[in-house]
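# Coordinate analysis (summary)
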Amino acid sequence: MPAAALIEQQVRTALAEDLGGGDRTAALLPADRKSRVELITRQNAVVCGRAWFDEVFRQLDPGARIEWRAADGERVERGQMLCILTGATRALLSGERTAMNYLQTLSGTASRARLYADAVAGLPVRLLDTRKTLPGLRVQQKYAVRCGGCHNHRMGLFDAILIKENHILAAGSIAAALTAAFAVAAGLPVEIEVESLDELEEALAAGATHLLLDNFDLDRLRRAVDLVGRRARLEASGGVTLDRVRVIAETGVDDVSVGDLTKDVASIDLSMRFMDA
């Protein structure tokens, strides 16, 4: 779970985007009016985003009460009640869209991740997310990936070194790029992308311990696994879809990176129903 201070900051920014100088429509209602709201899911899903949802209403109405019936990472079924909210009607109406945006989007990410995790169940492989996240939602989506049963790759460009084709071209060779990376790594993981078995052997000879196999077909993935023989960690990448992820994992690679976990997310359909307070 991300730090509470970060969640508070993220929600404050999101509310400012929606409320600006104030909710003009909610202001039509009596300030002392209270309401009770039920949150329902309209489809099967994996829940994620409770902390952001809660923080929205905490900032708008510190006295609001939220009773959750489902936890982050929990599978829920269509029609299931997720939580009950009680608080100032103005605050509930003003925060509804922002809170729902967080919960719908993050639950969509977690649900997508769960589909992929289920697809490789029983295999000794990790499914990794990528940096293909929605701008401003990277921390949140990567948390959702974990809630869905998959794993995080690097958070950004600062916490690992990933040498790709253009880095190799700029350095002059695979060996030169690796030598430079090892010199500045300062304890960070170092991974290098290769596009052929020849490049794989060159990288191994230069001391690579983590290889990204870019767009290898199934036969080349199997050959790479045999060739490396556990001397380095192997990550398959490129063209990974839900219907192909298991056969890719069955080649024996250690990791499979999947941009689809966070890139093309469909939000979960949720409904907030206002009841009598």
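So, here is what we can say about the structure in this document.

### Quick word on the overall build of the chain
On a plain count of helices and strands, the chain comes out with 10 helices and 12 strands. Once the C-alpha set of the chain is aligned to its principal axes, its extents read approximately 75 × 35 × 25 Å. Evaluated residue by residue, the chain yields a buried proportion of 47% over its 277 residues. Surface exposure of the chain reaches about 13300 Å², of which carbon and sulfur atoms provide 50%.

### Examining unusual backbone geometry
Residue Ala 186 is not a glycine yet carries a positive backbone phi of 50°. Summarising the element assignment, Ala 186 is placed in the loop between helix H6 (174–184) and strand E8 (190–194). For Arg 230, which is not a glycine, the phi torsion comes out positive at approximately 70°. By the element assignment, Arg 230 lies in the loop between helix H8 (218–228) and strand E10 (233–237).

### Regarding the sheet that holds strand E5 (residues 81–88)
With respect to topology, four strands assemble into an open sheet ordered E3-E5-E1-E12, the strand pairing being antiparallel. Of all strands in the sheet, those bounded by a partner on one side alone are strand E3 (65–68) and strand E12 (270–275). Averaged over all pairs of adjacent strands, the angle between their axes in this sheet comes to 20°, without regard to strand direction. Pairing of strand E1 (residues 34–41) with E12, which is carried by six bridges, proceeds in the antiparallel orientation. Paired with Ile 40 across the bridge in E12 is Ser 271.

### Remarks on the pattern of salt bridges
Any two side chains of opposite charge can pair, on the condition that their charged atoms come close. For the coordinates displayed, the defined rule picks out 16 salt bridges. When the shortest N-O distance is used, the salt bridge between Glu 8 and Arg 12 registers 3.0 Å. Placement of the pair is Glu 8 and Arg 12 together in helix H1 (residues 4–19), with a separation of four residues, close to one helical turn. In this structure Glu 8 comes out as partly exposed when scored by relative accessible area, which is 30%. One salt bridge connects Asp 118 with Arg 114, and the closest N-O pair in it is separated by 3.8 Å.

### Description of the sheet that holds strand E11 (residues 255–257)
The strand order across the open sheet built from six strands is E6-E11-E10-E9-E8-E7, with neighbouring strands paired in parallel fashion. Pairing within the sheet leaves two strands with one partner each, and these edge strands are strand E6 (126–128) and strand E7 (161–163). Each neighbouring strand pair of the sheet contributes to a mean axis angle of 25°, computed without reference to strand direction. As paired elements, E8 and strand E9 (residues 210–214) share three bridges and run parallel to each other. Its bridge partner lying in E9, Glu 193 is registered against Leu 212.

### A word on the pairing of E9
Counting buried residues along E9, five of its five residues qualify, which places the element largely inside the surrounding structure. Side chains His 210, Leu 212 and Asp 214 of E9 all project onto a buried face; the interleaved residues Leu 211 and Leu 213 project onto the opposite face, where all are buried too. You can see the chain leave E8, run along helix H7 (residues 197–205) and come back into E9, and the turn it takes is right-handed. Here E9 runs beside E10; their pairing, made up of five bridges, is parallel. From the neighbouring strand, Asp 214 faces E10, where its bridge partner is Ser 237. Read as a crossover between parallel neighbours, the route from E9 over H8 to E10 is right-handed.

### Looking at H1
For H1, with 16 residues, the first-to-last C-alpha span of 22 Å sits near the 22 Å given by 1.5 Å per residue. Taken together, the buried residues of H1 touch helix H2 (50–60), helix H3 (89–119) and helix H4 (138–147). Gly 20 sits one or two residues past H1 and shows a positive phi near 55°.

### As for the nonpolar core
Counting residues in hydrophobic clusters, the biggest one holds 42 residues, and the most contacted among them are Ile 163, Ile 192, Leu 211, Leu 213 and Val 256. For Val 256, the residues in contact, after removing those within four places along its chain, are Val 125, Arg 126, Leu 127, Leu 128, Ala 236, Val 240, Val 245, Ile 248 and Ala 249. With 35 residues, the next largest nonpolar core counts Val 37, Met 100, Tyr 102 and Ile 268 among its residues.

What counts as what
Think of each chain on its own: its residues are numbered from 1, step by step along the sequence as written. Local features in a predicted model are, by the rule used here, given only for residues with pLDDT of at least 70; side-chain atom pairs are given and counted only at 80 or more, and totals for whole chains, interfaces and linings are based on all residues. Note that water and hydrogens are dropped before the side-chain values are worked out from all heavy atoms of the structure. Numbered from the N terminus, helices here are DSSP runs of H or I no shorter than four residues, and strands are runs of E no shorter than two. For each residue, the accessible area found with a 1.4 Å probe, counting protein chains only, is set against the maximum for its type, and the residue is called buried under 20%, exposed over 50%, and partly exposed in between. In short, Shrake-Rupley with a 1.4 Å probe defines the accessible areas, and a residue's cover is counted only from the protein chains shown. Two strands form a pair only when DSSP identifies at least two bridges running between them. Think of each axis as a best-fit line through the C-alpha atoms, taken over the contacting stretch in the case of a helix, with angles from 0 to 180 degrees between the N-to-C directions. For this document, the term salt bridge refers to a Lys or Arg side-chain nitrogen within 4 Å of an Asp or Glu carboxyl oxygen. Convention used here: a crossover is right-handed provided that the path from the first strand, over the helix, to the second strand proceeds clockwise when the strands point away from the viewer. What a helix should span is 1.5 Å times the count of its residues minus one. Contacts are residue-level and defined by heavy atoms, with any inter-residue pair within 4.5 Å sufficient. Nonpolar core, defined: a set of buried Ala, Val, Leu, Ile, Met, Phe, Trp, Tyr and Cys residues in which side-chain atoms within 4.5 Å join the residues together.

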